[in-house]
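# Structural overview for review
Spelled out from the first residue to the last, the chains are:
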Amino acid sequence: MSKKVTVLTPFISRRGLVSLTFISVLAACAMVRKDDDSGKAPVAPVKVSLSGHSVDLAGAELKQSLEDLESGPTKNFNPDYFQNKAKDYAPFEGFNFEHAYAVDFDHDGYTDLVTLDSNYARPQFFKFDPEKKKFLPLSYSPFDAEGNTYWASFLNFVDLNHDGVLDLVMGTLNQDIEVSKTPIRIFEGKIHKGRISYKLVKDAFKQDVVGPATALIFFDYDLDGQLDLFVGNWFSKGKDRPIPQVDRLFKGKGFHFEEVTYLLEGEMKYDRSNKLYVNARPTQGVS
């Protein structure tokens, strides 16, 4: 007796109907042709009702799906599929940046924009105006006086305390002029009367996290409901040569993080004679 396993992944056909992926369709066709062990008649073609339409997976929809796969935007480029709207949405002429983050920072339901003008810069905030259909510079600073002096190489927006407001993490590569005793800073996000503000969490780490951080990512490695932190590191500049630095892992509880890098198997193996971590490799990015 054959078992039916249904794995459905929808995509939109040219006719506006939701079709099933090629692999699902082939599976349905195979079921139509195969008799069960009891010698009964072949199973009738599988049909699914979509918005009042009866779709025969072994029939016309399979043909239409194959036509769609042959004529999609990735088959032969058609400029009508994708249009450059940068000039329409840009806040001003000549708008450029090195890094951009599309995020609804003030929780108004519209995606806003945060940019870094270079690999080491102060974050710039742009709020989306639905009437003008443009990203406009935020009319106020979301930081206090101290926060306005902080520069960053990369940003990360994440809700660490589960209050529904995205908090902000700034990272610094710590190379050349991008040197800081606190290369990773965490800011708690608050919204008051529609205005976003970020306050520095000064005791986020038990010890200063000093290193050539290139990227970081939050995830729940131990499935306790709290976000943990992985930090990818680059090279530190030694007297004779650049020295790869270990990546680091931190167990999180809200805004507070305790280092548990020892859980990264082999990462902390140290060669005392050569004064380096033998398994350390430069990390350019994490995701």
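Scroll up to find the structure.
Here's a quick rundown of the structure.

Before going further, it helps to examine the packing of aromatic side chains. Taken as a whole and assessed by the stated rule, the structure comprises 18 aromatic pairs. Taking the centre distance of 6.1 Å and the plane angle of 35° together, the rings of Y89 and F128 count as tilted. Of this pair, Y89 sits in helix α3 (residues 86-89) while F128 sits in strand β7 (residues 124-129), and the two are 39 residues apart along the sequence. Among the residues examined, Y89 registers a relative accessible area of 33% and is labelled partly exposed. Note on F128: relative accessible area 13%, which makes it buried. Ring pairs connect the aromatic residues F105, F125, F143, Y150, F187 and Y198, which therefore count as one cluster.

One finds L155, L168, I186, Y198 and F205 to be the most contacted residues of the largest nonpolar core, which totals 38 residues. Mapped by element, the contributors of at least two residues to this core are β5 (99-103), β6 (112-116), β9 (154-158), β10 (167-171), β11 (184-192), β12 (195-200), β13 (213-219) and β14 (228-233). Ranked by residues supplied to this core, first place goes to β9 with four residues. The next biggest cluster of nonpolar side chains, apart from the first, holds six residues, and it includes A90, F95, F128 and F135.

A few words on the sheet that holds β13. Taken in spatial order, the four strands of this open sheet run β13-β14-β17-β18, and their pairing is antiparallel. The open sheet has two free edges, formed respectively by β13 and β18 (256-259), since each of these has just one partner strand. Direction aside, neighbouring strands of the sheet carry axes that sit 25° apart on average.

Applying the stated rule across the entire model yields eight salt bridges. For the salt bridge of D88 with K85, the shortest nitrogen-to-oxygen distance reads 3.8 Å. What makes K85 partly exposed here is its relative accessible area of 39%. Among the salt bridges present, the one from E188 reaches K190, with a minimum N-O distance of 3.3 Å.

So, on to the sheet that holds strand β8 (residues 134-137). Read across the sheet, four strands follow the order β5-β6-β7-β8 without closing on themselves; strand pairing throughout is antiparallel. Both edges of this open sheet fall to β5 and β8, since each of them pairs with a single strand only. When the angles between neighbouring strand axes are averaged without regard to direction, this sheet yields 30°.

Parameters at a glance
Residues numbered from 1 in each chain as written. Predicted model: local features only at pLDDT ≥ 70, side-chain atom pairs only at ≥ 80, totals over all residues. Heavy atoms only, no water. Phe/Tyr/Trp six-rings, centres within 6.5 Å; stacked < 30°, edge-to-face > 60°. Helix = DSSP H or I, 4+ residues; strand = E, 2+ residues; numbered from the N terminus. Buried < 20%, exposed > 50% of the residue type's maximum accessible area, 1.4 Å probe, protein only. Core = buried A, V, L, I, M, F, W, Y, C linked by side-chain atoms within 4.5 Å. Pairing = 2+ DSSP bridges. Axes fitted to C-alpha atoms, helices over the stretch in contact; angles between N-to-C directions. Salt bridge = Lys/Arg side-chain N within 4 Å of Asp/Glu carboxyl O.

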